[in-house]
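Breakdown of the fold
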2 protein chains.
Amino acid sequence: MSSENTHDKNFVKNNQIGVTGRKIIYDEDGKPCRSCNTLLDFQMVTGKISSTATPGHTSKSLAQSNQTLLFNKQDPPDVEELGKSTWTFLHSVAAKYPQTPNKEQQGDMKNFINIFSKIYPCTWCADDFKDYLEQNAPKVGSRDELGKWFCEAHNEVNVKLGKEKFDCNLWKKRWKDGWE
Amino acid sequence: MSSENTHDKNFVKNNQIGVTGRKIIYDEDGKPCRSCNTLLDFQMVTGKISSTATPGHTSKSLAQSNQTLLFNKQDPPDVEELGKSTWTFLHSVAAKYPQTPNKEQQGDMKNFINIFSKIYPCTWCADDFKDYLEQNAPKVGSRDELGKWFCEAHNEVNVKLGKEKFDCNLWKKRWKDGWE
């Protein structure tokens, strides 16, 4: 088999590639990064499920994980849940940003985005976002500008993840006014 | 009927109290604040559903709203979805915060929380949080401190909303390590 076949079982056993086909991300301490990987991949690499498990198929230990959820012991979010939640927060922040922000508000928003790029819990996501910021300084002059800026930043991530782009002309309906 | 009966139909008709019994929150421009109210209340006060509608019962226009959702036109988040998403983001940030942060990281976290309290899209929520910050300065000395601080801040909101408190001894399992 070609060494570039990311579904090669040897790659899986060496804990480089998860069951979803994504590369496993590790923290500086050598442990798998919980908030950087999908739940399924994290469970596989930490030995909770078999590496031959496929999405949609449950194994005994995954069923046990589900059991604990029934007792309301929710697990930490995986990279997808973290991403979805964070975009909901960010777009909502932009939707409430003033149309004519003062200097303080503009400065605050620039700082907020800058610090955000340093503290976002998924390390590879944050690094990508820092790179994006170097090429695309945040537009904080008005709500419309900021909304468009976040929409485009989000679309860059969508493309990277193989998802559809969102039509930024619809950003206001999606995040502020609704569709009526 | 007592004028303090928040379920008085006159209160509902004057658009002061929503179908959920919560007070309707308005923006400075006099329009209902989308991200400050629950979806049901927002739809009632903007005339999308009848004020005699009760949670769990759908009217024709609510069904129409659901129809547009099927076309993947998601509505802006209501206060509950916004809150849930934001807590997921914040607790995850704290879970990834270093156990021994340097001066810059500590300063960044303090600034981040301060700016957050100004830009959070639900105005009454943000005002409450600013009050909380005045009495409870963020503890940014370590991950454990910060996690505990966010947990306690979240519990203050839980109590305010009539929800159960979360046991902060379990914060690390819930947001960082899981339950195994």
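Bear in mind that the values here come from a model prediction, so they are computed numbers and not experimental data. (Residues numbered from 1 in each chain as written. Chains lettered and ligands numbered in written order. Predicted model: local features only at pLDDT ≥ 70, side-chain atom pairs only at ≥ 80, totals over all residues. Heavy atoms only, no water.)

**Some points on the relation of the copies chain A and chain B**
Selection rule: Only residues with pLDDT of at least 70 in both copies count here: their C-alpha atoms drive the least-squares fit that superposes the copies. What makes two residues a contact is simply this: any of their non-hydrogen atoms within 4.5 Å.
With an RMSD of 0.0 Å, the operation that places chain A on chain B is a rotation of 180 degrees combined with a shift of 0.0 Å along the axis. Read as a symmetry element, the transformation amounts to a two-fold axis. Across chain A, the rotation axis passes nearest the C-alpha of Ser85 of chain A, at a separation of 2.1 Å. By residue overlap, the copies meet face to face through one surface: 100% of the interface positions of chain A are interface positions in chain B.

**A word on the environment of Gln99 of chain B**
All names here are of chain B. Selection rule: Runs of E in the DSSP output that reach at least two residues are strands. Runs of H or I that reach at least four are helices, and both are numbered from the N terminus.
Its place among the elements puts Gln99 in the loop between α4 (79-96) and α5 (103-119). Here the alpha-carbon distance between Gln99 and Gly141, two residues 42 residues apart in the chain, equals 7.9 Å. Apart from residues lying up to four places away in sequence, Gln99 is in contact with Gly141, Ser142, Arg143 and Asp144.

**Some details on the domain arrangement of chain A**
Residue and element names in this part refer to chain A. Cut-off, in case you're wondering: Residue ranges for the domains trace back to a domain assignment, done automatically or taken from a database. Here the quantity called buried area is the accessible surface, traced with a 1.4 Å probe, that two parts lose on coming together, added over both. By convention in these notes, a salt bridge is any Lys or Arg side-chain nitrogen within 4 Å of a carboxyl oxygen on Asp or Glu. Between N or O atoms, a polar contact is any pair within 3.5 Å; within protein, one atom must be a potential hydrogen donor and the other a potential acceptor, and residues adjacent in sequence are included only when both atoms are from side chains. Any residue that is not Ala, Val, Leu, Ile, Met, Phe, Trp, Tyr, Cys, Pro, Asp, Glu, Lys or Arg is counted as polar, Gly included; the first ten are nonpolar and the last four charged.
Assigned domains within chain A: domain 1 (3-50 + 60-73) and domain 2 (79-177). With both sides pooled, the region where domain 1 packs onto domain 2 buries about 570 Å², and carbon together with sulfur makes up 50% of that total. If you look at where domain 1 meets domain 2, you find zero salt bridges. Our enumeration of links across domain 1 and domain 2 arrives at zero residue pairs in polar contact (both at pLDDT 80 or more). Considering only residue class, the side of domain 1 that touches domain 2 consists of three nonpolar, three polar and two charged.

**A closer look at the confidence of the model for chain A**
Residues and elements named next belong to chain A. Basically, it comes down to this: As a per-residue quantity, pLDDT reports the predictor's confidence and falls between 0 and 100.
Looking at chain A, pLDDT values average 83 and 79% of them are 70 or higher. The least confident element of chain A, judged by mean pLDDT, is helix α1 (residues 9-13) at 44; the most confident is helix α5 (residues 103-119) at 98. In this model, residues 1-13 is a region of pLDDT below 50 whose contacts with residues beyond four sequence positions or in other chains number twelve contacts. Residue range residues 65-70 is modelled with pLDDT below 50. Its contacts to residues more than four positions away, or to other chains, number six contacts. Listed scores for the predicted complex are pTM 0.74 and ipTM 0.74.

**Things to note about the environment of Thr86 of chain B**
By the secondary structure assignment, Thr86 of chain B is in helix α4. C-alpha of Thr86 of chain B to C-alpha of Cys168 of chain B: the two residues are 82 residues apart in sequence and 18 Å apart in space. Excluding anything up to four places from it in sequence, Thr86 of chain B contacts Phe89 of chain A together with Phe116 and Tyr120 of chain B.

**Describing helix α4 (residues 79-96) of chain A**
Since the α-helix turns once every 3.6 residues, residues separated by three or four places project in the same direction. For clarity, the threshold we go by: Under the convention used throughout, the expected extent of a helix is 1.5 Å for every residue step, that is, one less than its residue count. Each residue is assigned to one of three classes by its accessible area relative to the maximum for its type, calculated with a 1.4 Å probe on protein chains only: buried under 20%, partly exposed between the two thresholds, exposed over 50%.
With 18 residues, α4 of chain A extends 26 Å between its outermost C-alpha atoms, agreeing within 8% with the 26 Å of an ideal straight helix rising 1.5 Å per residue. Burial analysis of α4 of chain A places 14 of its 18 residues in the buried class, which makes it a mostly covered element.

**Re the interface of chain A and chain B**
Counting residues at the interface gives 40 residues for chain A, matched by 40 residues for chain B. At the boundary of chain A with chain B, total buried surface from both sides reaches about 3,400 Å², with 64% on carbon and sulfur atoms. The largest per-residue losses of area from chain A upon contact with chain B belong to Phe89, Lys96 and Trp179 of chain A, which jointly make up 18% of the total buried on that side. The tally of links from chain A across to chain B stands at four salt bridges. A salt bridge links Asp108 of chain B to Lys118 of chain A; the shortest N-O distance between them is 2.8 Å. On the surface where chain A and chain B come into contact, there are eight residue pairs in polar contact (both at pLDDT 80 or more). The set of elements that each furnish at least two residues to the side of chain A that touches chain B consists of α4, α5 and α8 (171-177) of chain A. A class-by-class count of the residues in the side of chain A that touches chain B yields 15 nonpolar, ten polar and 15 charged.

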